[in-house]
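# Architecture and fold: a report
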Amino acid sequence: MARDNEGIKPTEAELSLLNVLWKIGPATVRQVHDAISATQTTGYTTVLKILQIMHEKTLVTRDETNRAHVYSPANSEGYTQSSLLKDLASKAFGGSTSRLVMRALDESTSKEEIADIRQLLNKLDQKN
């Protein structure tokens, strides 16, 4: 996937559309609008305009071979999440991953999530 948009961070609205595209795969504006309408009220033209802006920012690619353009995320969900987390850690936690994680883990963290985190930490320990 593309990585030429390294410094570009999606807005909240753009991230909502990216989440739809990661879930359903390449889609037309109509398909994205239908999917996003299940959870929030957004007009078709708003979705179209945001996707056009995202294309200009290289957050999505656009297949123009058919009348209805098909949009796809330019980067994977994991890559985008990692990029956003690195940016957050840098800006809000002085670059400290551990401070970010400690702040994220609080009383609302479920036992299942804690077990998943332990499993991940064990895997990371085995690698190092």
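As annotated in an unreviewed UniProt entry, the protein chain carries the name Transcriptional regulator and comes from Thalassotalea profundi. Note on the protein chain: under the UniProt heading Sequence similarities (unreviewed entry), the record states "Belongs to the BlaI transcriptional regulatory family."

Let us look at a nonpolar patch on the surface. Taken together, the side chains of Leu120, Leu121 and Leu124 make up a nonpolar region of the molecular surface, amounting to roughly 270 Å² of accessible area. By the element assignment, Leu120 lies in helix α6 (residues 111–127).

Attention now moves to the pattern of salt bridges. Applying the stated criterion across every chain yields a total of three salt bridges. Linking Glu14 and Lys57 is a salt bridge whose minimum nitrogen-to-oxygen distance equals 2.9 Å. One end of the pair, Glu14, is in helix α1 (residues 12–24); the other, Lys57, is in the loop between α3 (44–56) and β2 (60–63), and 43 residues separate them in sequence. Taking the relative accessible area as the measure of exposure, Lys57 reaches 24% and is therefore partly exposed. The partner of Lys91 in a salt bridge is Asp87, and the shortest N-O contact between them spans 3.3 Å. Pair noted here: Lys91 and Asp87 are both in helix α4 (residues 77–92), with a separation of four residues, about one helical turn. Looking at Lys91, the relative accessible area reads 66%, which means it is exposed.

Our focus in this paragraph is the pairing of strand β3 (residues 70–73). Pairing of strand β1 (residues 27–28) with β3, which is carried by two bridges, proceeds in the antiparallel orientation. Looking at the pairing, Ala27 lines up with Tyr71 of β3. Where β2 and β3 come together, four bridges link them in antiparallel fashion. Its bridge partner lying in β3, Asp63 is registered against Val70. Hairpin connection from β2 to β3: six residues lie between these consecutive antiparallel strands.

Once that is clear, we can look at α3. For an α-helix, the turn length of 3.6 residues means that residues three or four places apart are oriented alike. Here α3 contains 13 residues, and its C-alpha end-to-end distance of 19 Å stays within 8% of the 18 Å for a straight helix at 1.5 Å per residue. Along α3, the residues that are buried comprise Val47, Ile50, Leu51 and Met54. The buried residues of α3 occupy an angular sector of 100° when the element is viewed end-on, so they sit on one face. In α3, the exposed residues that point more than 90 degrees away from the buried face are Thr45 and Glu56. Lining the buried residues of α3 we find α1, α2 (29–37), β2 and β3. Among the residues trailing α3, Thr58 stands out with phi positive, at a value near 65°.

What counts and how
- Residues numbered from 1 in each chain as written.
- Predicted model: local features only at pLDDT ≥ 70, side-chain atom pairs only at ≥ 80, totals over all residues.
- Heavy atoms only, no water.
- UniProt positions renumbered as here; feature names shortened; annotations may be inferred.
- Patch = residues over 30% accessible without salt bridge, like charges linked within 9 Å, V, L, I, M, F, W, Y side chains within 5 Å.
- Areas by Shrake-Rupley, 256 points an atom, 1.4 Å probe, with all protein chains shown as cover.
- Salt bridge = Lys/Arg side-chain N within 4 Å of Asp/Glu carboxyl O.
- Helix = DSSP H or I, 4+ residues; strand = E, 2+ residues; numbered from the N terminus.
- Buried < 20%, exposed > 50% of the residue type's maximum accessible area, 1.4 Å probe, protein only.
- Pairing = 2+ DSSP bridges.
- Expected span 1.5 Å × (residues − 1).
- Arc of directions from axis to C-beta.
- Contact = heavy atoms within 4.5 Å.

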